[in-house]
Structure formats: structure tokens, C-alpha cells
Amino acid sequence: MEIIVLNNQTLIDIAIRYFGTVEAVLAIAVLNSISVTEELIPGQTLELPNVDYGFQEVVAFFRVNKMQPATALTQDNNEIIEGDSGIGFWIIEDNFIVQ
């Protein structure tokens, strides 16, 4: 089966939508000779493997509800994420107060 990539879709989004699990990411990448981390281009076509991972209830959920996951982080929506924040940036008793 061949699909057309939508805006902000990743291989994980496609794997979950069409196979119900992220386990399909590697098979999709190999079949299409791309990296599992490759940024997909809207309109790009991808061939999907003919494999059933046993998660048809998840696939049916997306199909019945006409949902297409699209979770890629882009420059446009990168502003949503705070800059230097999180445990990797915090300093105890400076900007991370222990009570």
C-alpha cells in the first residue's frame, strides 16, 4: 500500500496510524530507503509493508474517527517549548528551589 505524507507527520505517526504500533517504523524506513529519523515532506509518497502487527483495534480507531496523527515538531511550533528549561538546565537553589 502507498500513502501520501501529510503536513507534520513522522514515521511514528504513520506507523501508529496504519499499523497500530511504533514497531512498524523500522520496516517502513527500510522499505523506503530512508532513516527512521528523517524529516518527511508533505506530499511525499511512502510504501507501507504488508505486515499485521496485531493492533488492528488501534488502526480501526484512527480509520473510524478519520484521524491522521501529525506530531512533528517544526520551527513554526518550536516556540511552544520553553528555552532553557527542564531538569537538564536547572540549578539547585538557583532556579530550582528544593523545599
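Everything numeric here is computed off the predicted structure, so don't read it as measured data.

**Q** Teacher, can you tell me more about the environment of Pro 42 here?
**A** Examined against the element boundaries, Pro 42 turns out to sit in the loop between helix H2 (25–31) and strand E2 (45–47). Judged by its relative accessible area of 45%, Pro 42 falls in the partly exposed class. Each residue touching Pro 42, except ones within four places of it in the same chain, is listed here: Val 5, Leu 6 and Asn 7.

**Q** Looking at this structure, I do not really get the confidence of the model for the protein chain. What am I missing?
**A** Segments scoring low in pLDDT should not have their predicted coordinates read at a detailed level. Per-chain confidence: the protein chain averages 88 in pLDDT, with 87% of residues scoring 70 or above. Put simply, helix H3 (residues 56–64) is where the protein chain has its lowest mean pLDDT, 96, and E2 is where it has its highest, 98.

**Q** Help me understand the side chain of Gln 44, please; the structure alone is not making it clear to me.
**A** Of note, Gln 44 is situated in the loop between H2 and E2. Only 2.9 Å separates the side chain of Gln 44 from the backbone nitrogen of Ile 41, close enough to count as a polar contact. In contact with Gln 44, other than residues within four places in its own chain, are Ile 3, Ile 4 and Val 5.

**Q** For this particular structure, what's the right way to read the environment of Val 5?
**A** Structurally, the position occupied by Val 5 is in the loop between strand E1 (2–4) and helix H1 (11–19). The class of Val 5 is buried, set by a relative accessible area of 2%. It is 5.3 Å that separates the C-alpha atoms of Val 5 and Gln 44, two residues lying 39 residues apart in sequence. Leaving out residues up to four positions away in the same chain, Val 5 has contacts with Ile 14, Leu 40, Ile 41, Pro 42, Gly 43, Gln 44 and Leu 46.

**Q** Honestly, the nonpolar core in this entry has me stumped. Any pointers?
**A** A general trend in soluble globular proteins is that nonpolar side chains are found buried together. Formed by 15 residues in total, the largest nonpolar core has its most connected members in Leu 11, Ile 14, Ile 28, Leu 40, Leu 46 and Leu 48. Among the secondary structure elements, those contributing two or more residues to this core are H1 and H2. Among the elements that line this core, the one with the most residues is H1, at five residues. Every residue in contact with Ile 28, bar those within four places of it in the chain, is listed here: Leu 11, Ile 14, Ala 15, Phe 19, Leu 46, Glu 47, Leu 48 and Pro 49.

Parameters at a glance
Residues numbered from 1 in each chain as written. Predicted model: local features only at pLDDT ≥ 70, side-chain atom pairs only at ≥ 80, totals over all residues. Heavy atoms only, no water. Helix = DSSP H or I, 4+ residues; strand = E, 2+ residues; numbered from the N terminus. Buried < 20%, exposed > 50% of the residue type's maximum accessible area, 1.4 Å probe, protein only. Contact = heavy atoms within 4.5 Å. pLDDT = per-residue confidence, 0-100. Polar contact = N/O pair within 3.5 Å; in protein donor to acceptor, adjacent residues only side chain to side chain. Core = buried A, V, L, I, M, F, W, Y, C linked by side-chain atoms within 4.5 Å.

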